[in-house]
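# Summary of structural features
Single-letter residue listing:
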Amino acid sequence: MTTRRAIVTSLAGLLLASDGRAQSAPWASLRAPDHFALIRHALAPGTFDPPGFRVDDCATQRNLSAEGRAQAIRIGELFRANGIAAARLYSSQWCRCLETATLMKLGDVSLQPLLNSFAQNRDRAVQQTAALRPWIAQLELAGPTVMVTHQVVITALSEVFPGSGEIVVMRREPDGRLAVAGRLPTA
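## Thoughts on the nonpolar core
Counting residues in each nonpolar core, the largest one holds 21 residues, and the members touching the most others are Phe36, Leu38, Ile136 and Met147. Listing elements by their share of this core, those giving two or more residues are strand 1 (35-40), helix 5 (125-138), helix 6 (151-158) and strand 5 (167-172). If sequence neighbours within four positions are ignored, phenylalanine 36 has contacts with Leu30, Ile136, Leu141, Thr145, Met147, Val168, Val169, Met170 and Leu178. If you look at the next biggest cluster of nonpolar residues, it comprises 19 residues, including Ile39, Phe79, Trp94 and Val146.

Here it is, written out as structure tokens:
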């Protein structure tokens, strides 16, 4: 049993080491100034929220599954394994985003309505994205900063269609433009 456990532990260590080397650039970027992470909330099966959902009532929303909660915990472990034990955390007001951010255990979570979904109200997309960009432009990005949000928000800012729980590392250019610095799938 001890030998078997040692072999499994060694193999797991090798997988983590090779994974870390393959993805070291995005993780290093997250520790550098003017970079931040956009994270699509962890797995919440289905699409859209039910008719009549309310942002202030989780029972009316599409929420994380047990697998999604485990994924959110793993995302936090990935940050810590890559040298980021704490971060400034911002979250959409949707329960699946807030729960993802909380389960990551990287620090206190601040709600940011500009990170809310506009999937069911596309008329808000242009206006909300236009307001989100100057908010990001004024953020102090001296240390790790993480925003947990929705696919539509991430796609509007980055042109990336992220998977559930995917981390999209962004760089804020001196002229204020945003550029993708890397992607870190977590599923």
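So, next bit.
## Quick notes on helix 3 (residues 66-81)
The terminal C-alpha atoms of helix 3 lie 23 Å apart, and with 16 residues this matches the ideal 22 Å at 1.5 Å per residue to within 8%. Residues of helix 3 that are buried: Gly68, Gln71, Ala72, Ile75, Gly76 and Phe79. For helix 3, the arc enclosing every buried residue in end-on projection is 140°, short of the 170-degree limit, so these residues lie on one face. In helix 3, the exposed positions that point more than 90 degrees away from the buried face belong to Ala66, Glu67 and Ala81. In this structure, the buried side of helix 3 is in contact with helix 2 (24-30), strand 1, helix 4 (95-104), strand 4 (145-149) and strand 5. Positive phi appears at glycine 83, one or two residues downstream of helix 3, with a value of about 85°.

## Points about the pairing of strand 5
As a general feature of sheets, a regular strand has side chains that alternate between the two faces. The element strand 5 is largely enclosed, with a buried count of five among its six residues. Two strands pair when backbone bridges link them, and strand 1 and strand 5 are joined in this way by five bridges, in the antiparallel orientation. Across the sheet, isoleucine 39 pairs through a bridge with isoleucine 167, a residue of strand 5. Pairing of strand 5 with strand 6 (residues 178-184), which is carried by six bridges, proceeds in the antiparallel orientation. Pairing of arginine 172 across the sheet is with leucine 178, part of strand 6. Hairpin connection, strand 5 to strand 6: the antiparallel pair is bridged by five residues, and glycine 176 has positive phi, about 95°.

## Looking at the sheet that holds strand 6
Strand order across the open sheet formed by six strands is 3-2-4-1-5-6, with mixed pairing between neighbours. Of all strands in the sheet, those bounded by a partner on one side alone are strand 3 (109-111) and strand 6. The mean angle between the axes of side-by-side strands here comes to 25°, regardless of whether they run parallel or antiparallel. Pairing of strand 2 (residues 88-91) with strand 3 involves three bridges; the strand directions are parallel. Within strand 3, the position partnered with leucine 89 by the bridge is valine 109. Across the sheet, helix 4 is in contact with strand 1, strand 2, strand 3 and strand 4; its angle to strand 4 comes to roughly 145°.

What counts as what
Residues numbered from 1 in each chain as written. Predicted model: local features only at pLDDT ≥ 70, side-chain atom pairs only at ≥ 80, totals over all residues. Heavy atoms only, no water. Core = buried A, V, L, I, M, F, W, Y, C linked by side-chain atoms within 4.5 Å. Buried < 20%, exposed > 50% of the residue type's maximum accessible area, 1.4 Å probe, protein only. Helix = DSSP H or I, 4+ residues; strand = E, 2+ residues; numbered from the N terminus. Contact = heavy atoms within 4.5 Å. Expected span 1.5 Å × (residues − 1). Arc of directions from axis to C-beta. Pairing = 2+ DSSP bridges. Axes fitted to C-alpha atoms, helices over the stretch in contact; angles between N-to-C directions.

Any link to function would need more than the numbers given here.
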